[in-house]
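The lines below spell out each chain.
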Amino acid sequence: MSNILDSLILSPPNDLCFNCHEFTKESFSVDLFLQEHRNMGNLETMRDDLGVYLKTLRSAMIELINKDYADFVNLSSNLIGLDKAISSIQLPLGQLKEELLVVQNNIEDALNEVTAQLLRRKKLQERKRSLKSLNRVHCSLKKMKTLLNGMNSEQDSVSKPLRLERAAMEYNQLQFHVSRCINDLSEADKQNLENIRKLIFKHLDDQFIQCQQKDKEEQLLRVLGIYLSLGKCSQAEMCYRREKISPVMNQLINEEALASNPGGLKGLYNTLVAFVDEEMKTLRSATLSSDKLGKTKGFDFVVNSFWPEVEERLGLNLASIYAPGNPDNFFMCYSETLEFLTKLEARCDSRSLRAHPQYQSFMHRWNLPVYFQIRFQEIAGSVEAALVARPEMEVEGDWKLTATAATWTGLLRCWADKVYITQLTHRFWKLNLQILGRYYTWTNELLEKKGEAAVDKAEVWVFLYSDVTTLSSRVDQLFQVANSRLHPGVSSNMRKQLQKCLEEWQEKLLSQLTHISVRLVRSVCSASVAALRQVSEVPRLYRRTNRDTPNHSLPYIDTMLDAPLTFYESHQTHPQVIPWLQSVFSEITKQYYAAVMDVLTSVQKTEESLRRLKKIRDRTVAQGSTPDRGGDDDKIRMQLYFDANYFSKKIEEVGIRKENVEQLKDLLKLVETLHNKNGLK
């Protein structure tokens, strides 16, 4: 089918529900085809489209046959006699195959023979070279014995390095020839080689130690050059550590030396730095990395000789400095040690020093996690102790509550001198967030307390509001303190992330202010609500009591206003006092309005009941026999009028407009309407 489609320009209809080229794919599957096209048309449509496509294929086939008809007809005639032609060439081809196999076998045999001869020749050459090297080894051993034995009688300190240079050159040649004849060496030869090696390095080490004086720098350079040519830089560093550094460090680094040093650990470290500056000055000068001539590169005696010995002695003889039990002493020792390492890095390759295995092990000796755990208990413990106690006023400082003062002190102490360690930045930062989170939780706990455990004093809520406001405003100051203590390597992007983290806590703290204000308002209103109960007692004062017409407010209004006005007098300088009072008076007014409405509704119901009783009584009853209750009800309304206006007057005296107190105008309108309706003045 594919050949047919490729041979003809097939143009099936464009409105088929499938792609005609899908049938020519090698991976064509009927089930997959039906699954993919089930949504493009129903089975009847697909059947019709397949019939149309079949007709198109038949037409293409007929056209192809008509186009190549002659080829189809001549196909059978062209194949006549083909089997005879194939049989005629079958025999010659078989003979040719056999001849090729014979040639191939001959070539393989020749190659194997040549390879064997080449391998034999190579072994002979290696054997010959090994024997020549062996002869050279024997000659070199005799020559080196003569050179090295002559050094024992040599007195001139200048000629000794020259002899050593010659011996080193000969030794390098010797090592080369030994590597080529190692299998032919006898046990005696190997023993002689080992003796020569020990002897040359003994003379080299002795000469190296003797050339440490300042006036022998030239000889020192020669000796170091010999070490370098032999590839034994580590040998020189080990020799210097063993002969020069170890005896001195054994005397300097121990508990007795530390106790007798006036400067303590810092004084001991200064002594070690002085050793590097003075005793190792010539050696460092000869090996400093420099492009100038006369310098021998490849050595680092501070890193590979001095530091390993110091680290080992500190670990063995001064284990007390690593003890984290006393955090103040631990901090002092750790800080002085870091200072010592900084000075040491300035006198060597700092990267090599930090990459040294003993540098890593030394830093691991300082148990920073335990130190932080102790600091955590100190800081978090003091904060927690202040938070679990009942809220108390702070006598001094910028804080109103001791809990907030302890929280701020704990936050700053994380970054304080003699507490903060750069390597524990992540832990102290986390502790800062934990303290802020604990304080936030504490405010929630105060807000959610109910019953006897609830905080009823309005002053506590005022103080808490002020502290939360101040603490949230000082979050920026806290970040500035922390930012100044971060390592210079901390990226600006990371610093922005840290600042954003603190800003989130700042927003959380500010969100508490609304809830604190609600509890404050509730606390102030609690005393006033009790006085509101006396509103329902007003009708009892005038029903059947023949009391005089009221001309002033009742005392319960003063009782109801006592708590808000006392709160105002105590906190009138606070910037939030007016908004708080507006909320307080609004809450009181709502309940006052409801109480007045209940009283007036009761009075109205009483009047309606009396009116109905009047109508159903006997008309013969004298008009004066029914008591006139209208006067008592008017007195009740008048009393409520005086009370409400006095309440409004006292609110305005503290600087709050009636419009800013919810339902106050409605209350005044209610009592005034009834007052005017009944003709009261």
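Because the structure is a prediction, the values reported are computed rather than measured. (Residues numbered from 1 in each chain as written. Predicted model: local features only at pLDDT ≥ 70, side-chain atom pairs only at ≥ 80, totals over all residues. Heavy atoms only, no water.)

1. Remarks on the overall build of the protein chain
Turning to step 1, where the next piece is worked out: Of the regular secondary structure elements, the protein chain holds 27 helices and zero strands.
Turning to step 2, where the next piece is worked out: Taken against the 2.2 N^0.38 rule, which gives 26 Å for 681 residues, the C-alpha radius of gyration of the protein chain at 54 Å runs more than 25% over that of a compact globule.
Turning to step 3, where the next piece is worked out: Its C-alpha atoms put the protein chain at 165 × 120 × 40 Å along the principal axes.
Turning to step 4, where the next piece is worked out: Across the 681 residues in the protein chain, those meeting the buried criterion constitute 39%.
Turning to step 5, where the next piece is worked out: Across the protein chain, the fraction of contacts at a sequence separation of at least 24, relative to all contacts at a separation of at least 6, is 76%. (Helix = DSSP H or I, 4+ residues; strand = E, 2+ residues; numbered from the N terminus. Rg over C-alpha atoms; globule rule 2.2 N^0.38 Å. Buried < 20%, exposed > 50% of the residue type's maximum accessible area, 1.4 Å probe, protein only. Contact = heavy atoms within 4.5 Å.)

2. Some words on the packing of helix H18 (residues 402-413) against helix H21 (residues 475-485)
Turning to step 1, where the next piece is worked out: Viewed as axis vectors pointing N to C, H18 and H21 meet at an angle of 20°, and their least axial separation amounts to 10 Å. One finds that H18 runs roughly parallel with respect to H21. Listed contacts from H21 to Trp-408, Leu-411 and Leu-412 of H18 are Gln-477, Leu-478 and Val-481.
Turning to step 2, where the next piece is worked out: A per-class count over the contact of H18 with H21 returns five nonpolar, one polar and no charged. (Axes fitted to C-alpha atoms, helices over the stretch in contact; angles between N-to-C directions. Parallel < 35°, antiparallel > 145°, perpendicular 65-115°, else oblique. Nonpolar A, V, L, I, M, F, W, Y, C, P; charged D, E, K, R; others polar.)

3. Concerning the pattern of salt bridges
Turning to step 1, where the next piece is worked out: Following the criterion strictly, the structure yields 29 salt bridges and no others.
Turning to step 2, where the next piece is worked out: Here Arg-347 and Asp-277 are joined by a salt bridge, their closest N and O atoms 2.6 Å apart. Residue Arg-347 is found in the loop between helix H14 (327-345) and helix H15 (350-355), and its partner Asp-277 is found in helix H11 (residues 264-278); the two are separated by 70 residues along the sequence.
Turning to step 3, where the next piece is worked out: Glu-378 serves as the salt-bridge partner of Arg-375, at 3.0 Å between the closest nitrogen and oxygen. Highlighted residues: Arg-375 and Glu-378, both in helix H17 (residues 368-388), separated by three residues, approximately one helical turn.
Turning to step 4, where the next piece is worked out: In this structure Arg-375 comes out as buried when scored by relative accessible area, which is 1%.
Turning to step 5, where the next piece is worked out: The class for Glu-378 is partly exposed, based on a relative accessible area of 32%.
Turning to step 6, where the next piece is worked out: Each of Arg-241, Glu-309, Glu-312 and Arg-313 takes part in a single network of salt bridges with overlapping partners. (Salt bridge = Lys/Arg side-chain N within 4 Å of Asp/Glu carboxyl O.)

4. Quick look at the confidence of the model for the protein chain
Turning to step 1, where the next piece is worked out: With 90% of its residues at a pLDDT of 70 or more, the protein chain shows a mean pLDDT of 84.
Turning to step 2, where the next piece is worked out: Confidence drops under a pLDDT of 50 for residues 4-9, and excluding neighbours within four residues, the segment shows eleven contacts in the predicted structure.
Turning to step 3, where the next piece is worked out: In the model, residues 290-294 has pLDDT below 50 throughout and makes four contacts with residues more than four positions away in sequence or in other chains. (pLDDT = per-residue confidence, 0-100.)

5. A short note on the packing of aromatic side chains
Note on aromatic pairs: each is described by the distance of the centres and the angle between the planes.
Turning to step 1, where the next piece is worked out: With the rule as written, the count across this model stands at 30 aromatic pairs.
Turning to step 2, where the next piece is worked out: Each ring, one from Phe-208 and one from Tyr-240, has its centre 6.1 Å from the other, and the planes form 65°; the classification is edge-to-face. Here Phe-208 is found in helix H7 (residues 187-210), whereas its partner Tyr-240 is found in helix H9 (residues 233-252), with 32 residues between them in sequence. Each member of the pair, Phe-208 as well as Tyr-240, carries the same accessibility label: buried.
Turning to step 3, where the next piece is worked out: For Tyr-240, a relative accessible area of 2% translates into the label buried.
Turning to step 4, where the next piece is worked out: Over the ring of Tyr-542 we find Arg-547, and its NZ or CZ is 5.6 Å from the ring centre. (Phe/Tyr/Trp six-rings, centres within 6.5 Å; stacked < 30°, edge-to-face > 60°. Lys NZ or Arg CZ within 6 Å of the ring centre and 35° of its normal.)

6. What about H17?
Turning to step 1, where the next piece is worked out: An ideal rise of 1.5 Å per residue puts 30 Å on 21 residues; H17 measures up with 29 Å between its terminal C-alpha atoms.
Turning to step 2, where the next piece is worked out: Of all the residues in H17, the buried ones are Leu-368, Tyr-371, Phe-372, Arg-375, Ile-379, Ala-380, Val-383, Ala-386 and Leu-387. (Expected span 1.5 Å × (residues − 1).)

7. Some points on unusual backbone geometry
Turning to step 1, where the next piece is worked out: One non-glycine residue with positive phi stands out, namely Lys-418, at about 65°.
Turning to step 2, where the next piece is worked out: Positionally, Lys-418 belongs in the loop between H18 and helix H19 (425-448).
Turning to step 3, where the next piece is worked out: Here the phi dihedral of Gln-663 falls at roughly 65°; this positive angle occurs in a residue that is not glycine.
Turning to step 4, where the next piece is worked out: The topology assignment puts Gln-663 in the loop between helix H26 (630-653) and helix H27 (664-677).

8. Side note on the environment of Pro-13
Turning to step 1, where the next piece is worked out: Secondary-structure assignment places Pro-13 in the loop between helix H1 (2-7) and helix H2 (30-36).
Turning to step 2, where the next piece is worked out: A C-alpha to C-alpha distance of 8.0 Å links Pro-13 and Tyr-53, two positions 40 residues apart in sequence.
Turning to step 3, where the next piece is worked out: The contacts of Pro-13, once residues within four sequence positions are left out, are Val-52 and Thr-56.

9. Topic: the nonpolar core
Turning to step 1, where the next piece is worked out: Phe-208, Phe-306, Phe-340, Tyr-592 and Phe-647 are the most contacted members of the largest nonpolar core, which has 161 residues in total.
Turning to step 2, where the next piece is worked out: Per-element accounting of this core gives the leading share, 13 residues, to helix H25 (residues 577-616).
Turning to step 3, where the next piece is worked out: When near neighbours in sequence (up to four residues on either side) are disregarded, Phe-647 contacts Ile-557, Met-560, Leu-561, Ile-588, Thr-589, Tyr-592, Leu-664 and Leu-667. (Core = buried A, V, L, I, M, F, W, Y, C linked by side-chain atoms within 4.5 Å.)

10. Remarks on a nonpolar patch on the surface
Turning to step 1, where the next piece is worked out: A cluster of nonpolar side chains, namely Met-61, Ile-65, Tyr-69 and Val-73, defines an oily patch on the protein surface of about 360 Å² accessible area.
Turning to step 2, where the next piece is worked out: Those elements giving two or more residues to the nonpolar patch turn out to be helix H3 (43-67) and helix H4 (69-78).
Turning to step 3, where the next piece is worked out: Secondary-structure assignment places Met-61 in helix H3.
Turning to step 4, where the next piece is worked out: In this structure Met-61 comes out as partly exposed when scored by relative accessible area, which is 34%. (Patch = residues over 30% accessible without salt bridge, like charges linked within 9 Å, V, L, I, M, F, W, Y side chains within 5 Å. Areas by Shrake-Rupley, 256 points an atom, 1.4 Å probe, with all protein chains shown as cover.)

11. Digging into a positive patch on the surface
Turning to step 1, where the next piece is worked out: Side chains of Arg-611, Arg-612, Lys-614 and Lys-615 sit close together on the surface and give a patch of like positive charge.
Turning to step 2, where the next piece is worked out: Mapped onto the elements of the fold, Arg-612 is located in helix H25. (Lys, Arg positive; Asp, Glu negative; His and termini not counted. Charge placed at Lys NZ, Arg CZ, Asp CG, Glu CD.)

12. A word on the side chain of Asp-205
Turning to step 1, where the next piece is worked out: With respect to the secondary-structure elements, Asp-205 resides in helix H7.
Turning to step 2, where the next piece is worked out: Overall, Asp-205 belongs to the buried group, its relative accessible area being 9%.
Turning to step 3, where the next piece is worked out: When neighbours within four sequence positions are excluded, Asp-205 is seen to be in contact with Tyr-227, Gln-235, Cys-239 and Arg-242.

13. Examining the packing of H11 against helix H13 (residues 301-317)
Turning to step 1, where the next piece is worked out: At a closest axis distance of 12 Å, the pairing of H11 and H13 adopts a crossing angle of 155°. One element, H11, and the other, H13, form an angle in the roughly antiparallel class. Viewed along their axes, H11 and H13 form a crossing whose handedness is right-handed. Within the contact between the two elements, H11 uses Tyr-269, Leu-272, Phe-275 and Val-276 and H13 uses Val-302, Phe-306, Val-310 and Leu-314.
Turning to step 2, where the next piece is worked out: Residue composition of the contact of H11 with H13, grouped by class: eight nonpolar, no polar and no charged. (Left-handed = near helix turned anticlockwise from the far one by under 90°.)

14. Some points on the environment of Tyr-227
Turning to step 1, where the next piece is worked out: With respect to the helices and strands, the residue Tyr-227 is situated in helix H8 (residues 217-230).
Turning to step 2, where the next piece is worked out: On the basis of relative accessible area, Tyr-227 is assigned to the buried category, the value being 0%.
Turning to step 3, where the next piece is worked out: Measuring from C-alpha to C-alpha, the distance between Tyr-227 and Asp-205 comes to 9.4 Å, with 22 residues separating the pair along the chain.
Turning to step 4, where the next piece is worked out: Beyond its immediate stretch of four places on either side in the chain, Tyr-227 contacts Leu-204, Asp-205, Phe-208, Lys-232, Cys-233, Gln-235, Ala-236 and Phe-299.
Turning to step 5, where the next piece is worked out: Within polar-contact distance, the side chain of Tyr-227 engages the side chain of Asp-205 at 2.3 Å. (Polar contact = N/O pair within 3.5 Å; in protein donor to acceptor, adjacent residues only side chain to side chain.)

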